[in-house]
Amino acid sequence: MNPYFLISPEDRLYKRAAYREAASWGRESAAELRKHRPRNHPLVRGYFSRLITEDEDETDWIWWFVRNSKPYEHALSLGSGIGLLEERMLRGGVFKNLDVVDFSAQAVRVFQERLSKRGVETPVNARIGDLNFIELPPGTYDFILAATSLHHVINLEHLLEQVRRRSEEHTSELQSH
């Protein structure tokens, strides 16, 4: 077994819990998610924006990032859910190609349907996967995003070791909040 694994993919209790967890994601609409997330409150959003951008007047770190980023050739989003953040970055031209991995088939489907309806033309390769056991191909990504997903990962050391190894071969950034 991988020395970084705290759980294994064969663990029956983990499989049952993972199945229930995956089934719960993707049920809420984008509007419902935006409305209920505490980080979307203007005060909280402003606080995060000031921390990330170091600009006292910045109130939306995502658009700040879009305005100040080079276009990344091939990005990866770990735990994208229904892709609210990823969509904003795609529409802003931050990614030329994007791979997304999420645990929930339903969330991935909602993400893909929403992008299609909104006419987002950037190539997006969405797949279902468990971040606890993911193996990242070397030298593939020049940007990795893990927005609000790392706290769900039990084998966090494994995941971050995958990111570290990949970043040694290719200059990259990891963004997580």
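Everything that follows concerns the structure shown earlier in this document.
Bear in mind the structure is a predicted one, so any value in this text is a computation, not a measurement. (Residues numbered from 1 in each chain as written. Predicted model: local features only at pLDDT ≥ 70, side-chain atom pairs only at ≥ 80, totals over all residues. Heavy atoms only, no water.)

**Q** Tell me about the overall build of the chain, residues and numbers included.
**A** Across its full length, the chain holds seven helices and five strands. Secondary structure elements of the chain occur, N-terminal to C-terminal, as α-α-α-α-β-α-β-α-β-β-α-β. Of all 177 residues assigned to the chain, the portion counted as buried reaches 44%. By sequence separation, contacts in the chain at least 24 residues apart represent 69% of the contacts at least 6 residues apart. (Helix = DSSP H or I, 4+ residues; strand = E, 2+ residues; numbered from the N terminus. Buried < 20%, exposed > 50% of the residue type's maximum accessible area, 1.4 Å probe, protein only. Contact = heavy atoms within 4.5 Å.)

**Q** Would you mind going over helix 1 (residues 12-24) in detail, with residue names and values included?
**A** With 13 residues, helix 1 extends 19 Å from end C-alpha to end C-alpha; this agrees with the ideal 18 Å at 1.5 Å per step. Every buried residue of helix 1 is accounted for by Y14, A18 and A22. Around the axis of helix 1, the buried residues are gathered within 60° of arc, so they sit on the same side. Facing away from the buried side of helix 1, by more than 90 degrees, are the exposed residues R12, L13, R16, Y19 and R20. In this structure D11 caps helix 1, since a side-chain oxygen of it lies 3.0 Å from the backbone nitrogen of L13. (Expected span 1.5 Å × (residues − 1). Arc of directions from axis to C-beta. Polar contact = N/O pair within 3.5 Å; in protein donor to acceptor, adjacent residues only side chain to side chain.)

**Q** Describe in detail the pattern of salt bridges, supporting the description with residues and values.
**A** Per the counting criterion, the structure on display carries seven salt bridges. One salt bridge connects R164 with E161, and the closest N-O pair in it is separated by 2.5 Å. Of this pair, R164 and E161 both sit in helix 7 (residues 156-169), separated by three residues, roughly a single helical turn. Members of the salt-bridge network, linked through shared partners, are E87, R91, R114 and R118. (Salt bridge = Lys/Arg side-chain N within 4 Å of Asp/Glu carboxyl O.)

**Q** Which residues make up the side chain of T122, and what values do they have?
**A** With respect to the secondary-structure elements, T122 resides in the loop between helix 6 (105-117) and strand 3 (124-128). Its relative accessible area of 18% is what places T122 among the buried residues.

**Q** Explain a nonpolar patch on the surface residue by residue, including any values.
**A** Residues Y47, L51 and I52 make up a contiguous nonpolar surface patch of roughly 290 Å² in combined accessible area. Tracing the backbone shows L51 in helix 3 (residues 42-53). (Patch = residues over 30% accessible without salt bridge, like charges linked within 9 Å, V, L, I, M, F, W, Y side chains within 5 Å. Areas by Shrake-Rupley, 256 points an atom, 1.4 Å probe, with all protein chains shown as cover.)

**Q** Can you tell me about unusual backbone geometry, naming the residues and giving the values?
**A** Unlike most non-glycine residues, T148 shows phi in positive territory, near 55°. Assignment of secondary structure puts T148 in the loop between strand 4 (143-146) and helix 7.

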